[in-house]
Structure formats: C-alpha cells, structure tokens
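Structural overview for review
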Amino acid sequence: GSKKNKKKSKLQETIDFLLPIIIAVIVAVLLKMFVFANAVVPTGSMMNTINEQDRIIASRLAYISESPQRYDIVLFYYPDDESQIFVKRIIGMPGETLEVIDGIAYVTDKDGNVSQTDQSFVTNEVPTGNYGPYYIPEKGETITTDGVNCYAENGMRVGSAEFLSKYCEPNDSGEYVVTENLYFCMGDNRNRSHDSRFWDNAYVKESKILGEAKFKYYPEFETLK
C-alpha cells in the first residue's frame, strides 16, 4: 500500500506544481483575448503622449457597452493594411465634417456648428498644414458612386470607388449603405503622423478598433489621457 501512496503523492505533487502554472497561462491567454491588448509603438506619431518604443496596454472591454468618444486614444487595424496595428487619437466622429487649417482641426457637427478641437495634447512643435474638408459618413448612410469617386448624402466626396467594398453593403434596392460607425483619427505629433489625412481608406471602422489605450508600462508606468 505504501508504494501506491508514494506514487500517488508524486503524482499529486506534480499536479500541485503544474496546476497553478496551467491556470496562469489560461488566465493570461483569456486576458489577452478578451480584456487587454498589448503593443509596442514603433513610431513617434503620438509624441509627446506616447513616445517611440513605448509599450502600451489597451482595454478591449472599453467599447462593449458604449461607442468610442472624441479624444480617445485607440488601438486599431490600419485600414490600408490590416496586418498592421496603429495607435492614434479619435478627432472626427460619425456624421461630422473635419477640416485642418494651419495644423488645427475644426469640426462641423450635423447642425452646422463649428468648433475647434482640443490642442492641449498636440506636440509642442507648432502644427502646420491645411487638409480637408473631410466628411465622416455614419452608419446607415447611403453612398453613391460615379465609378471613380464615392459621395455621401450631402454630396461630399468620401473616397475612391474602393470605399464601397471597404465600408458599405448593398441593401435590397441596390443602394450602398455604410455598415458601421466610422472615425477620423490623427496622431498627436501632427506634423509627423501618417493618419486619416493621408490614408487611402481614411476612416477607422468601429469593429476594427481593438481597444482604448489606457496606460503605458514601459519605459515607465503612466496613464494615458
């Protein structure tokens, strides 16, 4: 009987040793899949908020019950090449028109009210350049095309014909309808950011947002705002 007990205790010891490790691995995998996204930022496009080679953590749960908001820093699949993950700040919301004048972004809401966006997080270097106006289509909006360009209901151009396959689905009557909310994203380092102003597919789909960047943990811990 004692030999059996010894075997049992050896097995029990092995189980006792391995079980916490197995549980820790499972928890880590689940956290990565459902709660946190981890990324190294390869460029300085978000300076001085996030510097080159900073490591950041994004919450995958941030947008389960609510939609992204203006000024959220988000981790998302780059619309022109979804094998890449980008981090930028949301500046333009669905249904708005955004224009950059002398490096400062202005938004016009659905009622025609114009407001200057917050510049407090933009890098200390004076932002320059004029871009736009860009209209950001919203979910449910009908898009028309002349075969070369695509146009929103207000007549503004929203991209090349590629917009249809990227952002729309045909409805029963054959019209192309925007399938989900779209966002216009920019880097805080305005003069050195490859962002919605320059992409072929200018908008970030809500479903392609991996999460809201909450903090950086390397080279030092800091919450992101």
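Above this text you will find the structure in question.
A brief look at the structure comes next. Keep in mind that what you see is a predicted model, and the values were worked out from it rather than measured.

Another point: the pairing of strand S5 (residues 97-101). Note: S5 against strand S8 (residues 131-135), 3 bridges, orientation antiparallel. By the bridge assignment, Thr97 is partnered in S8 with Tyr135. In the sheet, S5 pairs with strand S6 (residues 104-108) via 5 bridges, with the strands oriented antiparallel. Opposite Glu99, over in S6, you have Tyr106 as the bridge partner. Connecting S5 to the antiparallel partner S6 that follows it, the hairpin turn spans 2 residues, and Asp102 within it adopts a positive phi of roughly 50 degrees.

Looking at the element boundaries, Ser59 is found in strand S2 (residues 55-59). There is a polar contact of 3.2 Å between the side chain of Ser59 and the backbone nitrogen of Leu61.

Right, let's talk about a nonpolar patch on the surface for a bit. Together, Phe17, Leu18, Ile21, Ile22, Val25, Ile26 and Val29 give the surface a local cluster of nonpolar side chains, amounting to about 630 Å² of exposed area. With respect to the helices and strands, the residue Val25 is situated in helix H1 (residues 2-35).

It is worth spelling out the pattern of salt bridges at this point. A complete count under the given rule lists 10 salt bridges for this structure. The salt bridge involving Asp188 is made with Arg89; its shortest N-O contact spans 2.8 Å. Highlighted residues: Asp188 in the loop between strand S14 (182-186) and strand S15 (204-205) and Arg89 in strand S4 (residues 85-92), separated in sequence by 99 residues. Note on accessibility: Asp188 and Arg89 belong to one class, buried.

Moving on, we get to the sheet that holds S5. Read from one edge to the other, the open sheet built from 4 strands follows the order S7-S6-S5-S8, with strand pairing classed as antiparallel. Looking at strand neighbours, the two that pair on one side only are strand S7 (114-116) and S8, the edges of this open sheet. With direction set aside, neighbouring strand axes in the sheet form an average angle of 20 degrees.

How each quantity is defined
Residues numbered from 1 in each chain as written. Predicted model: local features only at pLDDT ≥ 70, side-chain atom pairs only at ≥ 80, totals over all residues. Heavy atoms only, no water. Pairing = 2+ DSSP bridges. Helix = DSSP H or I, 4+ residues; strand = E, 2+ residues; numbered from the N terminus. Polar contact = N/O pair within 3.5 Å; in protein donor to acceptor, adjacent residues only side chain to side chain. Patch = residues over 30% accessible without salt bridge, like charges linked within 9 Å, V, L, I, M, F, W, Y side chains within 5 Å. Areas by Shrake-Rupley, 256 points an atom, 1.4 Å probe, with all protein chains shown as cover. Salt bridge = Lys/Arg side-chain N within 4 Å of Asp/Glu carboxyl O. Buried < 20%, exposed > 50% of the residue type's maximum accessible area, 1.4 Å probe, protein only. Axes fitted to C-alpha atoms, helices over the stretch in contact; angles between N-to-C directions.

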